[in-house]
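So the chains spell out like this:
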Amino acid sequence: MHLSANAKGDRLSRRVGSALIFLFLILGAVVMLFPIYMGLLNSVKTQSEMLTNILSLPTKFQFKNYASAFEKIHFFRSLWNTIQIAGVGLIGIIVCASLAGYKLSRTKGGLSSALFGLFILSMLIPFHSIMITLVKISNKLSIQGSIYGLGMIYIGLGVSMAIFLYHGFVKSIPRDLDEAAIIDGCGEFKLFYAVIFPLLMPVTATIAILNLLWMWNDFLLPLLILTNSDGYTLLLSTNMLFGQYSNDWSNILSALILAMLPVVIFYLILQKYILNGIAEGAIKG
Amino acid sequence: MSFLRNRKKTLTLLAFVFPALLFYSVFVLAPSIGGGWYSLTDWNGLNPTYKMVGFGNYIEALTDDRFFLDSIWFTLKYVVFMVILSNFFAILLAVLIESRKRSKVWFRTIFFMPNMISLIIGGFMWMFIFTKVLPYIAEHTAFKFLDQSWIGDPKLSFFAIIILSLWSGVGYLMVIYIAALQGVPQQLKEAASIDGANAFQTFRNVTLPMIYPALTIGLFVTLNNSFKVFEAVFALTGGGPGRATQVIALNIFEEAFSMSNRYGYASAKAMILFMIVFIITIVQLWIMKRREVEV
């Protein structure tokens with residue numbers, strides 16, 4: 001009798017606890033979404049309606065805010081620039097790092113570990129420590145202002161972490177496979193791209209996600225390298241707009257929503273893979 | 001014979017590593033070494049000639065440059081707040097979300113979402129919240145305390161930057177902690193609750209030691225990122241009011257690219273930032289690894 005009353009009390013307190021947790025999480029979720037919601041809501045109001053009714057739904061949807069922001073940040077051009085930069089960087093990082101990571105992991109010896117150590121060491125160097133000289137160098141190489149040049153810089157900055165992840169992953173691929181392929185007459189490079197590279201797919205996916213997000217959202221490096229507004233990324237165009245129309249919030253908010261749209265859509269479609277990629281990258285990196 | 005085989009092996013190794021090494025040398029190695037060299041000179045970035053000044057730049061930065069010293073102090077304050085708050089909230093969220101059955105996917109998606117948005121965009125959105133939305137709420141509701149100059153007051157702008165950084169960064173850490181929690185065997189927690197431990201005791205004595213490796217990563221990530229904070233400040237306050245929220249990275253950026261043309265001097269500051277980050281992360285990893293072994 002006594003026991004069952006106790007069990008009932010237990011169940012009740014667990015229910016209350018669970019409801020409290022749920023409430024807390026809902027509250028947190030509201031805080032997380034609040035800026036996005038406010039931005040969305042006010043991006044379709046006129047400037048004057050925004051200032052009198054910031055919290056309420058718009059009386060009339062002003063989609064012309066979007067049309068004008070669309071033009072002012074040169075949405076398609078900026079998007080295409082961003083895609084090209086990230087594309088060059090991503091392909092370069094994956095090709096260079098998979099080659100190096102595989103071979104460094106397979107080769108024993110002083111040279112191999114020294115090279116690996118050299119790549120890993122730089123993961124501790126903050127970007128701000130090298131940015132000044134990096135700008136000077138890119139100026140010397142006349143790639144300042146070039147979106148492909150920026151893509152190449154991303155290759156240099158991104159290979160270390162990718163090599164580290166590939167290096168670790170290759171250890172789990174049996175060496176017998178290499179030897180069997182060699183006996184079958186595979187050359188070193190054919191062995192790599194026909195046999196090994198397809199097996200690296202899971203870690204390649206992780207590396208692709210991490211690097212894509214990094215390059216897409218990076219601000220400081222493009223700011224320093226892209227001197228010509230024709231080459232601006234989405235972020236740079238948006239930042240420019242903010243500088244020019246800093247009080248015209250209805251215009252700015254629609255530009256902000258436009259600029260975050262690609263990455264948010266990307267996230268909502270692929271969120272399972274992205275969250276796994278982030279966890280994998282963080283735990284192994 | 002073995003010499004030839006070795007030579008072939010070495011050449012193959014170099015062929016595979018060469019593309020990565022090329023980009024890495026030009027865009028990481030060369031700027032690191034160059035930065036170290038210029039930090040010892042009085043180069044202005046333009047003149048073909050410059051003088052060696054030894055450690056003069058370093059001494060000036062660390063003794064004479066009030067703005068730089070203020071930025072170090074401000075960054076340290078920011079780091080302490082961020083390391084504690086972001087890990088606390090990330091673990092709390094991870095534990096609470098993992099306890100939900102059906103809603104956990106939803107919550108995880110929402111709490112991580114801000115991390116996908118660039119801090120520049122997030123910074124401008126929060127600026128809208130701080131300068132327009134909160135004063136409006138203060139005016140039209142009972143929450144009068146919200147009517148503050150969040151960006152204009154040096155004390156409050158510190159917290160505005162912390163709020164923005166937490167909003168953006170907590171989801172990333174949460175994902176790490178969720179992954180770690182999923183690795184904790186369910187039986188252990190059940191055993192603890194059968195032995196009469198309450199939820200907090202189970203967390204303290206069973207779960208926390210099991211996710212200790214993730215805590216090492218979480219602290220490493222927050223320490224590292226917080227010392228390098230730039231975008232959050234750049235977008236939200238621009239370092240102001242005055243220079244009240246200037247962080248180290250912003251100070252270096254302005255020294256090199258907008259205020260003066262003292263490249264050598266800015267390089268010395270950049271090296272100081274590198275050394276601070278390097279020493280602190282090494283010490284942190286060393287301490288945490290030692291504790292991990294004990295547990």
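None of the values given here were measured: they were computed from a predicted structure.

Time to look at the environment of Met-174 of chain B. Residue and element names in this part refer to chain B. Looking at the secondary structure, you find Met-174 in helix α6 (residues 154–182). Along the sequence, Met-174 and Leu-250 sit 76 residues apart, while their C-alpha atoms lie 28 Å from each other. When residues no more than four places from it in sequence are discounted, the contact partners of Met-174 are Ala-90, Leu-93, Ala-94, Ile-97, Arg-108, Phe-111 and Phe-112.

Its boundaries defined by the atoms lining it, the second largest pocket holds a volume of some 1500 Å³. Breaking the lining of the second largest pocket down by element, the ones donating at least two residues are α1 (2–43) of chain A together with α3 (66–99), α6, α7 (186–194) and α8 (199–210) of chain B. When the residues that make up the lining of the second largest pocket are grouped by side-chain class, the tally is 12 nonpolar, 12 polar and nine charged.

To continue, consider the pattern of salt bridges. Tallied over the entire structure, the rule returns nine salt bridges over all chains. Glu-188 of chain A is the partner of Lys-103 of chain A in a salt bridge, and the nearest nitrogen-oxygen pair spans 2.7 Å. Here Lys-103 of chain A is found in helix α4 (residues 75–106), whereas its partner Glu-188 of chain A is found in helix α9 (residues 188–199), with 85 residues between them in sequence. Here Glu-188 of chain A falls in the partly exposed class, since its relative accessible area comes to 24%. Here Lys-269 of chain B and Asp-65 of chain B are joined by a salt bridge, their closest N and O atoms 3.1 Å apart. Here Asp-65 of chain B lies in the loop between α2 (56–63) and α3 and Lys-269 of chain B lies in helix α12 (residues 263–294), a separation of 204 residues in the sequence. Taken together, the salt bridges that share partners define one network made up of Asp-65, Glu-255 and Lys-269 of chain B.

Turning next to the UniProt feature "transmembrane region" (unreviewed entry) in chain A. If you check UniProt for "transmembrane region" (unreviewed entry), the listed places come out as residues 20–40, 83–102, 114–135, 147–170, 191–216 and 249–270 of chain A in our numbering. The span residues 191–216 of chain A shows a helical share of 96% and a strand share of 0%, and its end C-alpha atoms are spaced 33 Å apart.

Our focus in this paragraph is the interface of chain B and chain A. At the interface, 86 residues of chain B touch 91 residues of chain A. Three residues stand out in chain B for area buried against chain A, namely Phe-16, Phe-27 and Met-116 of chain B, and they jointly supply 11% of the buried area on that side. For the pair chain B and chain A, the interface holds zero salt bridges. Remark: the boundary between chain B and chain A carries 12 residue pairs in polar contact (both at pLDDT 80 or more). For the side of chain B that touches chain A, the element with the highest residue contribution is helix α1 (residues 2–38) of chain B, accounting for 23 residues. Grouping the amino acids of the side of chain B that touches chain A by side-chain chemistry returns 66 nonpolar, 14 polar and six charged.

This paragraph deals with the UniProt feature "domain: ABC transmembrane type-1" (unreviewed entry) in chain A. Here, UniProt's "domain: ABC transmembrane type-1" (unreviewed entry) annotation points to residues 79–270 of chain A. What you have in residues 79–270 of chain A is 81% helix and 0% strand, and the ends, taken at the C-alpha atoms, are 19 Å apart.

Parameters at a glance
- Residues numbered from 1 in each chain as written.
- Chains lettered and ligands numbered in written order.
- Predicted model: local features only at pLDDT ≥ 70, side-chain atom pairs only at ≥ 80, totals over all residues.
- Heavy atoms only, no water.
- Helix = DSSP H or I, 4+ residues; strand = E, 2+ residues; numbered from the N terminus.
- Contact = heavy atoms within 4.5 Å.
- 1 Å grid on protein atoms, 1.4 Å probe; cavity = no way out; pocket = protein on both sides within 12 Å on 5 of 7 lines; lining within 4 Å.
- Points joined across faces, edges and corners; volume = space filled by probe spheres on them.
- Nonpolar A, V, L, I, M, F, W, Y, C, P; charged D, E, K, R; others polar.
- Salt bridge = Lys/Arg side-chain N within 4 Å of Asp/Glu carboxyl O.
- Buried < 20%, exposed > 50% of the residue type's maximum accessible area, 1.4 Å probe, protein only.
- UniProt positions renumbered as here; feature names shortened; annotations may be inferred.
- Buried area = accessible area lost by both parts, 1.4 Å probe.
- Polar contact = N/O pair within 3.5 Å; in protein donor to acceptor, adjacent residues only side chain to side chain.

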